[in-house]
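# Remarks on the overall topology
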Amino acid sequence: MQIIQELPSDPGHQCVLALGNFDGVHLGHQRLLKSGLEQAAQKGVDLAVLLFEPHPLKLLFPERVLGFLTTQKEQMRLFSEIGVDRVYLVPFTKEMADTSPEGFVRDILVKLGVIHIVVGFNYSFGALGKGTAEDLQCYGQDYGFGVSVLQPQTFEGKVISSTAVRKALLNGDAVQAKKLLGRTYKLVGTVVEGERRGHDLGYPTANLRIYEELIIPKRGVYAVWAEIEGRLVHGMMNIGMKPTFHEEYALTVEIHFFDFSGDLYGMELAICCEEKIRDERKFNGFDELKGQLERDALKTKQVLEEIFGNPVQAVNAH
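Thresholds, definitions, all that
Residues numbered from 1 in each chain as written. Predicted model: local features only at pLDDT ≥ 70, side-chain atom pairs only at ≥ 80, totals over all residues. Heavy atoms only, no water. Helix = DSSP H or I, 4+ residues; strand = E, 2+ residues; numbered from the N terminus. Buried < 20%, exposed > 50% of the residue type's maximum accessible area, 1.4 Å probe, protein only. Domains from an automatic or database assignment. Contact = heavy atoms within 4.5 Å. Buried area = accessible area lost by both parts, 1.4 Å probe. Salt bridge = Lys/Arg side-chain N within 4 Å of Asp/Glu carboxyl O. Polar contact = N/O pair within 3.5 Å; in protein donor to acceptor, adjacent residues only side chain to side chain. Nonpolar A, V, L, I, M, F, W, Y, C, P; charged D, E, K, R; others polar. Pairing = 2+ DSSP bridges. Axes fitted to C-alpha atoms, helices over the stretch in contact; angles between N-to-C directions. Right-handed = clockwise from strand over helix to strand, strands pointing away. Parallel < 35°, antiparallel > 145°, perpendicular 65-115°, else oblique. Left-handed = near helix turned anticlockwise from the far one by under 90°.

Now for unusual backbone geometry. Between Glu53 and Pro54 the backbone carries a cis peptide bond, its omega angle lying at 0 degrees. Of note, Pro54 is situated in the loop between strand S3 (46-53) and helix H2 (56-60). Of note in this structure, Phe22 is not a glycine but carries a positive phi near 55 degrees. Checked against the element boundaries, Phe22 lands in the loop between strand S2 (15-19) and helix H1 (27-43). Exposure remark for Phe22: the relative accessible area of 2% places this residue in the buried category.

Spelled out as structure tokens, the structure:
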């Protein structure tokens with residue numbers, strides 16, 4: 001898959017273009033991209049995706065915490081896996097934000113050589129998002145490209161959307177998020193030095209500094225897994241403020257791996273969140289917390305065994 005970081009000066013190669021933010025590349029996005037692939041195959045051209053860097057909301061509302069569902073790296077991997085041929089990752093500027101809907105079509109889309117566009121029913125474009133999917137169909141008639149507008153995809157009677165995935169994660173419902181995404185939600189970050197309190201409790205943890213404004217699920221304990229050094233490793237993750245030891249403290253993400261021993265400092269990890277085990281709570285001291293961790297570990301292993309089918313053996317990690 002080719003990643004192009006500027007608009008071409010002329011139309012060049014024709015393409016079918018998929019438009020959207022594609023945050024999470026959830027099942028609704030996947031359906032849209034597969035529709036684009038079908039159009040591209042029929043017309044004998046490439047399927048392209050247009051994205052902006054930074055995300056328009058970052059430029060327009062810099063104070064807002066966005067809570068992304070994928071890193072850009074993961075997003076590109078998913079596009080490639082689905083079959084996208086090229087991604088236009090175009091710089092987003094204030095001038096571009098002020099572009100009228102027709103200017104967006106004339107000065108951006110036409111330059112990409114589009115002969116057909118696929119969009120979701122709620123797609124908007126141009127200054128203040130005034131352009132609608134229906135407007136795009138009208139411009140297509142003027143500028144010579146077709147437009148397919150996909151209606152919402154639903155799951156259990158509810159519309160699949162990035163907002164719905166974020167809501168599930170903020171409610172601690174990793175199972176629902178997985179159903180909407182079509183895969184487990186990944187928290188990605190770098191392992192950093194921690195307080196080593198988990199080591200004293202017999203549950204040493206990898207402390208994760210999260211990347212790229214990814215959304216962090218509701219505080220609590222989760223059954224998770226990660227690929228480390230080429231193999232799948234099971235573990236339990238705690239997201240919280242460590243209320244047993246601190247009155248006020250920054251949010252931390254810590255993972256205890258059951259079957260891995262080694263130095264993880266500085267390593268990038270993608271933690272796959274399968275299911276929430278319990279909410280965060282404050283304990284009356286060291287012994288009560290240690291007893292709860294033992295129960296958490298047992299429950300986590302049971303959850304992961306149901307998913308993967310193989311028992312998990314505990315081995316101290318460092």
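Next, the rest of the story.
It is worth spelling out the domain arrangement of the protein chain at this point. Quoted interface sizes are often the accessible area lost when the parts come together. Entries for the protein chain in the domain assignment read domain 1 (2-155) and domain 2 (184-308). Between the C-alpha centres of domain 1 and domain 2 there is a distance of 36 Å. Contacts between the two partners involve 12 residues from domain 1 and, on the opposite side, nine residues from domain 2. Contact between domain 1 and domain 2 buries roughly 780 Å² in total, counting both sides, with carbon and sulfur atoms accounting for 51%. For the domain 1 face of the interface with domain 2, the top three residues by lost area are Phe68, Leu69 and Thr71, together amounting to 52%. There are three salt bridges connecting domain 1 and domain 2. Where domain 1 meets domain 2, there are four residue pairs in polar contact (both at pLDDT 80 or more). Ranked by residue count, the leading element in the side of domain 1 that touches domain 2 is helix H3 (residues 72-82), at four residues. Taken together, the residues of the side of domain 1 that touches domain 2 break down into three nonpolar, four polar and five charged.

Attention now goes to the sheet that holds strand S5 (residues 114-120). Reading across the sheet, the six strands line up as S1-S4-S3-S2-S5-S8 and stay open at both edges, with parallel pairing between neighbours. Each edge of the open sheet is held by one strand with a lone partner, namely strand S1 (2-4) and strand S8 (146-150). Between one strand axis and the next, the sheet turns by 25 degrees as a mean value, whatever way the strands run. Relative to S8, S5 runs parallel, the two being bridged by five bridges.

Before going further, it helps to examine the pairing of S2. Among the five residues of S2, five are classified as buried, and the element is accordingly described as predominantly covered. Side-chain alternation along S2 places Cys15, Leu17 and Leu19 on one buried face and Val16 and Ala18 on a second face that is also buried. Strand direction decides the pairing type here: S2 and S3, joined by five bridges, are parallel. Note that in S3 the partner of Cys15 across the bridge is Asp46. The β-α-β motif built from S2, the intervening H1 and the parallel element S3 has right-handed crossover chirality.

Relative orientation of the contacting elements helix H5 (residues 101-109) and helix H6 (residues 133-143) amounts to 50 degrees, with a least axis distance of 11 Å. The pairing of H5 with H6 is recorded here as oblique in orientation. Regarding H5 and H6, the two cross each other, and that crossing is right-handed. Here Pro101, Glu102, Val105, Arg106 and Leu109 of H5 come into contact with H6, specifically with Leu136, Tyr139 and Tyr143. Of the residues that constitute the contact of H5 with H6, the class distribution is six nonpolar, no polar and two charged.

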